[in-house]
Amino acid sequence: QIPAWALKFALYFGVGTNVVVLGSIAVGRLFTFRGNMVNGRLRGDHLSCRSLAWWELWVICPKSGVSYPGDAKPEARRQTHLGSWKSQQATVDKGWRYVGAAASHLVTEAKMKSDFTFTHTLTGEAAGRQMWVKDGKEEEEDSVPSFDASKNPNASDLLFRSQQIKAWKSAGKSVPDEQTVPKTAAEAADKAVAFYQMLLCDDGHFAGDYGGPMFLMPGLIISCYVSGVDLGVRKGAMIAYLRNHQQTDGGWGTHIESPSTMFGSVLSYVSLRLLGVSDTDPAVRAARDFLHQNGGALTAPSWAKFWLCVLGVHEWEGINSIPAEMWLLPFWFPFHPGKLWCHCRMVYLPMCYLYCTRFKNPAKDTDQILIGLRKELYTSDYTTIKWDNERHSICPLDEYSPVTNLQKFLHNALAVFETYTRLVFRWPMRLLRQKGIRYAMSYMQSEDIQTNWICIGPVNKVLNMLCVWADNGNAPNESFYKHIARLDDYLWVAEDGMKMQGYNGSQCWDTSFAIQAVVEAGLGDKYPQLCDSVYGFLERTQILSTDTSQGTEAYLYEAVNLRKEFYRHVSKGGWPFSTSAHGWPISDCSSEGLKAVLSLHTLTSIAKRKGTLISAERLYDCCNVLLTYQNADGGWATYENNRGYGFFEWMNPSEVFGDIMIDYSYVECSSASMTALAAFNRHFPTHRSGEVTAALARGERFIRGIQRPDGSWYGSWGVCFTYGTWFGVEALRAAGVPTSDVSIRQAVTFIMSKQNGNGGWGESYRSCVDKYYDGRAEASYGAGGSGVVQTAWALLALMSSCVCAPREVAAVECGIKFLMAQQLASGDFPQEGITGVFNRSCGITYTSYRNTFPIWALGKHREWRHSLDQ
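Computed from a prediction, not measured in an experiment: that's the story for all the values here.

A. How the structure looks around the overall build of the protein chain. Across its full length, the protein chain carries 31 helices and 10 strands. A compact globule built from 870 residues should have a C-alpha radius of gyration of about 29 Å, and the protein chain, at 26 Å, falls within 12% of that. Over its C-alpha atoms, taken along the principal directions, the protein chain stretches across nearly 90 × 70 × 55 Å. Here the protein chain holds 870 residues, and 65% of them are scored as buried. Contacts in the protein chain between residues at least 24 apart in sequence constitute 78% of all its contacts with a sequence separation of at least 6. Carbon and sulfur atoms make up 55% of the accessible area of the protein chain, which amounts to about 30,500 Å² in all. Put simply, the protein chain has 83 plus and 84 minus side-chain charges, and the middle of one group is 4 Å from the middle of the other.

B. The arrangement of the packing of aromatic side chains in detail. With the rule as written, the count across this model stands at 66 aromatic pairs. Between R78 and the ring centre of Y772, over which it is positioned, the NZ or CZ distance is 3.7 Å.

C. The arrangement of the environment of S867 in detail. Positionally, S867 belongs in helix α31 (residues 849-869). Judged by relative accessible area, which is 41%, S867 ranks as partly exposed. One polar contact links the side chain of S867 to the main-chain carbonyl oxygen of W864, over a distance of 2.7 Å.

D. Local environment of empty space enclosed by the protein. All chains considered together, the criterion is met by 16 cavities of 30 Å³ or more. Of the pockets and cavities examined, the largest cavity occupies roughly 570 Å³. W341, H343, G502, W717 and F838 are, among the 33 residues lining the largest cavity, the residues nearest its centre. When contributions to the lining of the largest cavity are tallied by element, the ones reaching two or more residues are α11 (342-356), α15 (458-471), α21 (587-600) and β9 (836-838). In terms of residues, the lining of the largest cavity owes the most to one element, α11, which gives 4 residues. Its residues placed into classes, the lining of the largest cavity shows 26 nonpolar, 6 polar and 1 charged. Of the pockets and cavities examined, the second largest cavity occupies roughly 120 Å³. Residues belonging to the lining of the second largest cavity are distributed by class as follows: 5 nonpolar, 8 polar and 4 charged.

E. Examining unusual backbone geometry more closely. Cis geometry is found at the peptide bond from W427 to P428, where omega equals 5°. Among the structural elements, P428 can be located in the loop between α13 (405-420) and α14 (429-450). With omega at -25°, the peptide bond leading from V719 into C720 counts as cis. You will see that R358, though not glycine, has its phi angle at about 50°, which is positive. Along the chain, the position of R358 falls in the loop between α11 and α12 (368-376). Take R358: its relative accessible area is 19%, and that puts it in the buried class. Even without being a glycine, C455 presents a positive backbone phi close to 75°. Relative to the helices and strands, C455 is located in the loop between α14 and α15.

F. Seen up close, a nonpolar patch on the surface. There is a patch of nonpolar side chains on the surface, built from L406, F409 and W650 and spanning about 340 Å² of accessible area. For L406, the location among the structural elements is in helix α13. Exposure remark for L406: the relative accessible area of 39% places this residue in the partly exposed category.

G. Broad picture of α15. For α15, with 14 residues, the first-to-last C-alpha span of 20 Å sits near the 20 Å given by 1.5 Å per residue. Positive backbone phi, approximately 75°, marks G473, located one or two places after α15.

H. Just the nonpolar core, in detail. By size, the foremost hydrophobic cluster in this structure holds 265 residues, and its most contacted members are F215, L220, L354, L377, L600 and F853. Among the elements that line this core, the one with the most residues is α11, at 12 residues. Once residues lying within four places of it in the same chain are set aside, the contact partners of F215 are T254, F263, L267, W303, V459, F657, F838 and C842.

I. Here's a closer look at the pattern of salt bridges. With the rule as written, the count across this model stands at 37 salt bridges. In this structure, the salt-bridge partner of K860 is E520, at a minimum N-O distance of 2.9 Å. Note that K860 is positioned in helix α31 and E520 in helix α17 (residues 507-520), a separation of 340 residues in sequence. Salt-bridge contacts for R704 lead to D741; the nearest nitrogen and oxygen are separated by 2.9 Å. Placement of the pair is R704 in helix α25 (residues 689-705) and D741 in the loop between α26 (721-734) and α27 (742-753), with a sequence separation of 37 residues. Judged by its relative accessible area of 29%, R704 falls in the partly exposed class. For D741, a relative accessible area of 15% translates into the label buried.

J. Quick look at the packing of helix α6 (residues 217-227) against helix α10 (residues 302-311). Interhelical geometry of α6 versus α10 gives an angle of 15° and a closest axis separation of 10 Å. Taken together, the axes of α6 and α10 are roughly parallel relative to one another. Considering how the two elements wind past one another, α6 and α10 form a crossing that is left-handed. On α10, the residues touching G219, I222, S223, Y225 and V226 of α6 are W307, V310 and L311. Residues that form the contact of α6 with α10 fall into these classes: 6 nonpolar, 2 polar and no charged.

K. Representation of the side chain of K499. Residue placement: K499 occurs in strand β8 (residues 497-500). According to the relative accessible area criterion, K499 is buried, its value standing at 2%. When near neighbours in sequence (up to four residues on either side) are disregarded, K499 contacts A155, D209, G211, M217, Y241, Y490, L491, W492 and A494.

Quick notes on the rules
- Residues numbered from 1 in each chain as written.
- Predicted model: local features only at pLDDT ≥ 70, side-chain atom pairs only at ≥ 80, totals over all residues.
- Heavy atoms only, no water.
- Helix = DSSP H or I, 4+ residues; strand = E, 2+ residues; numbered from the N terminus.
- Rg over C-alpha atoms; globule rule 2.2 N^0.38 Å.
- Buried < 20%, exposed > 50% of the residue type's maximum accessible area, 1.4 Å probe, protein only.
- Contact = heavy atoms within 4.5 Å.
- Areas by Shrake-Rupley, 256 points an atom, 1.4 Å probe, with all protein chains shown as cover.
- Lys, Arg positive; Asp, Glu negative; His and termini not counted.
- Charge placed at Lys NZ, Arg CZ, Asp CG, Glu CD.
- Phe/Tyr/Trp six-rings, centres within 6.5 Å; stacked < 30°, edge-to-face > 60°.
- Lys NZ or Arg CZ within 6 Å of the ring centre and 35° of its normal.
- Polar contact = N/O pair within 3.5 Å; in protein donor to acceptor, adjacent residues only side chain to side chain.
- 1 Å grid on protein atoms, 1.4 Å probe; cavity = no way out; pocket = protein on both sides within 12 Å on 5 of 7 lines; lining within 4 Å.
- Points joined across faces, edges and corners; volume = space filled by probe spheres on them.
- Nonpolar A, V, L, I, M, F, W, Y, C, P; charged D, E, K, R; others polar.
- Patch = residues over 30% accessible without salt bridge, like charges linked within 9 Å, V, L, I, M, F, W, Y side chains within 5 Å.
- Salt bridge = Lys/Arg side-chain N within 4 Å of Asp/Glu carboxyl O.
- Expected span 1.5 Å × (residues − 1).
- Core = buried A, V, L, I, M, F, W, Y, C linked by side-chain atoms within 4.5 Å.
- Axes fitted to C-alpha atoms, helices over the stretch in contact; angles between N-to-C directions.
- Parallel < 35°, antiparallel > 145°, perpendicular 65-115°, else oblique.
- Left-handed = near helix turned anticlockwise from the far one by under 90°.

Take a look at the structure:
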């Protein structure tokens, strides 16, 4: 019997929903912008809902708009505690070897045939693919370098670097003279390039560790455990990684520099147990004590609880609804999931499938480890827990974006349908749910195809794989095996162990920056082989632009009707963050790729190269992508136009991340796009020059609008204000703003105010978390509070501002001296603190930054000095 109050509530809720829908029709029809095709070119994305961005910009937020990242947190709410680690706890077994590009395809195809009797040819461009194999004889291999998190929780990527340098030397190539000490910035830049070229992979890209988040690998471990995929020799290196990053309090952070959180701790604890570590192991006991002291797994954030439900050690009634029916709404509906930021959308897509099917691990009731975990993770008896009462439970250590009262109300309303009345399992609502589930599955299949089974990121990668297995009756099929073949794309081995990266690498991003630094330093023609190899990689990496990529099924999804069905922006002509096979272009990655190619086109060696040259038509395609990316507020977002509304953030369900709901405009993406369009216009002054000029003017207004009162810009993808301010200055300069302009002068004043006594600059990731400059020495892992990466960014900002006052010139020279002093005898630079970030609160590693940006700053010094002398 359904209680009368529940039926009445359902009636009123239904009527209220209809009123909202009908009202939304008017709003949607009036303000939804869909764009149109003109002469075969897309003028604005066909899905681009301008999202009332102009309304939010000028009416709700007249000062700065919805994309303004917010001011500093109040001092009482800032993060004050730091992580604390023991000295080295575990070593990685010898025998791990890096394999890349076409060779990695052969290794994977052979392994799939031997392990699963599955014959499969990997699709998409091989360029940029990277994986690790353990197939050497250990006694013939060099020992893995040691790691001590108590000194620095950031690995230096020594395993990969030592292998690349060894191969370079084995080929009889020269290495930098360690006895020679550079006397000028130009000499230091030259030596840095001479060292860095040794790390270049055979296919022309710079590889490196892109790890950091501690919550990624547990998802892979859980998905493989549930679906019966044996991780084999990877287990030992994964255990070493988890042991090395356990903190003195027994917990793990959300990322490697973060203090312990329940998010990192619950998932890392479960991972150790699933990898075969006993519940009596000292590390496991210490972790269990930490969990119990903080309320047990019931206080873990929603993503952790979701993974526990998938594993079978938490009940679905204990998490909030993720209704698949939302996908059936018309796109003009204000809160359609197709308007979410793509990373958010693609994570909650498989989540809604598993939630709505109430997926049950077949081994839930029989597996002894799972039975043990249901006792170990909680502070009370598992069978007595009132799961529905714990849906909003969250440990204070984790809560970065508190769940709003509006969101709690909506969650509680959905709980009436999901838990109390179970109306969603009754006709006719059951039919809607099934239709939503089937659409979710078809959407996941399209994502798999378009990314050659890599997927947009590590979370949806393993969730999609599990959904494929579950949808096939908890059994493997062809698509499932194709997913397995791409697991190694996300795994990286360093001296701290095996980790899951935040993407399938940062290949194109790192390489584009590196080659721009080399060319701007005036060293392009001195290193022709380096430049030619990089050019070949960039040519093969432009998305859906080569014969290989256009020969895949992914190319079919570039058709407008399929892009509209699956909410994809135009892709052809853009460049990715990682590889062409990944298939998702991004505004700043496309921009840096374009600038890298244009800079290489100025070199004599590239003009004479025997290989393929990137045609003007292909560069026109990239220009088109960049023009379509511009938002109504004048800025550029990441993967798509902003389709949603600022109020979406009121319903951020993650608790641990900030600003994940829509694709905001960012200073970095806007600056990269503006500088790329300006460079393109210089090379092709007759191609859409009017549109480019107008786009730059709109971009300039946006950049000015999000500058902070102190003259800085907040960096959303790097740590933090030095990074954002460099991009802000570059954007204004690309728009033709003179260096005497007040915005640029304010930026210079800000940068100058943060210089340390030793000449450098340094920031902790906590600058991103608190939106307040945190340059405390104890948190930066640099020299005296200064780091080579932040120092390089600060110097690039100052030199791009053409500073010339004596005090400013002295600041630049002191910064250059700091970089030269930090350069190692080999030409390398030391690994310091974490330099990347995403979603405000999670740090991520870019080991290449310690080489690329010092090279760029040292190389730019000559040009700046010359202009100063003039």
